[in-house]
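Listed below are the residues making up each chain.
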Amino acid sequence: MSDFKKLKVWAMAHELALETVRAAQKMRGPCAALLRNQWLRATISVPMNIAEGSAKQSDREFIRFLRIARGSANESEYHAILARDLGLLNEEQFEELNIKTQAVSKMLAGLIRRLHGSASA
């Protein structure tokens, strides 16, 4: 795999990153700056790791980056929960971002399974 832009999971992760940036920019309050920074780093890490891993020479190397991306997606999901529970995100914003984050995570898991199967064949 060399053109990460052709991967549906990258496209969805990129869209999630854009939407997270938009939501995080609106957050205000004493904890907002710290949470915003951590949340954005985690969310932006997802498409970045997909892109970086797609340039690797083997499926095994690509899988390693996809696993890192999945971990970042899980971290991002927690940051959204925290932002909601602190009142920095409303329920509608949270639901929209949470659904997309979980979808990206599931797509990553599926791609990992598929590549793992072809790597061991």
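**Q** A description of the packing of helix α2 (residues 32–54) against helix α3 (residues 59–85) should follow, citing residues and the corresponding values.
**A** Running from amino to carboxyl end, α2 crosses α3 at an angle of 160°, the nearest separation of the two axes being 8 Å. With respect to each other, α2 and α3 are oriented roughly antiparallel. With respect to the hand of their crossing, α2 and α3 are arranged in left-handed fashion. A class-by-class count of the residues in the contact of α2 with α3 yields 14 nonpolar, nine polar and two charged.

**Q** Go over α3, please, and point to the residues and values.
**A** An α-helical turn contains 3.6 residues, so a residue and the one three or four places further along point in the same direction. In a regular helix each residue adds 1.5 Å, so 27 residues correspond to 39 Å; α3 covers 39 Å between its end C-alpha atoms and thus fits that length. Along α3, the positions that sit buried rather than exposed are Phe62, Ile63, Phe65, Leu66, Ala69, Ser72, Ala73, Ser76, Glu77, His79, Ala80 and Ala83. The first or second residue beyond α3 is Gly87, which carries a positive phi of 80°.

**Q** Help me get a handle on the nonpolar core, residues and values and all.
**A** Ranked by size, the top nonpolar core spans 31 residues in total, and within it Trp39, Val46, Ile50, Leu66, Leu89 and Leu108 carry the most contacts. Elements represented by at least two residues in this core include exactly α1 (8–25), α2, α3 and α4 (91–120). Excluding its chain neighbours within four sequence positions, the residues that come into contact with Leu66 are Ile50, Leu108, Leu111, Ile112 and Leu115.

**Q** Any details on the environment of Asn98? Residues and values, ideally.
**A** Relative to the helices and strands, Asn98 resides in helix α4. Residues Asn98 and Lys6, spaced 92 residues apart in sequence, show a C-alpha to C-alpha distance of 24 Å.

Thresholds applied
- Residues numbered from 1 in each chain as written.
- Predicted model: local features only at pLDDT ≥ 70, side-chain atom pairs only at ≥ 80, totals over all residues.
- Heavy atoms only, no water.
- Axes fitted to C-alpha atoms, helices over the stretch in contact; angles between N-to-C directions.
- Helix = DSSP H or I, 4+ residues; strand = E, 2+ residues; numbered from the N terminus.
- Parallel < 35°, antiparallel > 145°, perpendicular 65-115°, else oblique.
- Left-handed = near helix turned anticlockwise from the far one by under 90°.
- Nonpolar A, V, L, I, M, F, W, Y, C, P; charged D, E, K, R; others polar.
- Expected span 1.5 Å × (residues − 1).
- Buried < 20%, exposed > 50% of the residue type's maximum accessible area, 1.4 Å probe, protein only.
- Core = buried A, V, L, I, M, F, W, Y, C linked by side-chain atoms within 4.5 Å.
- Contact = heavy atoms within 4.5 Å.

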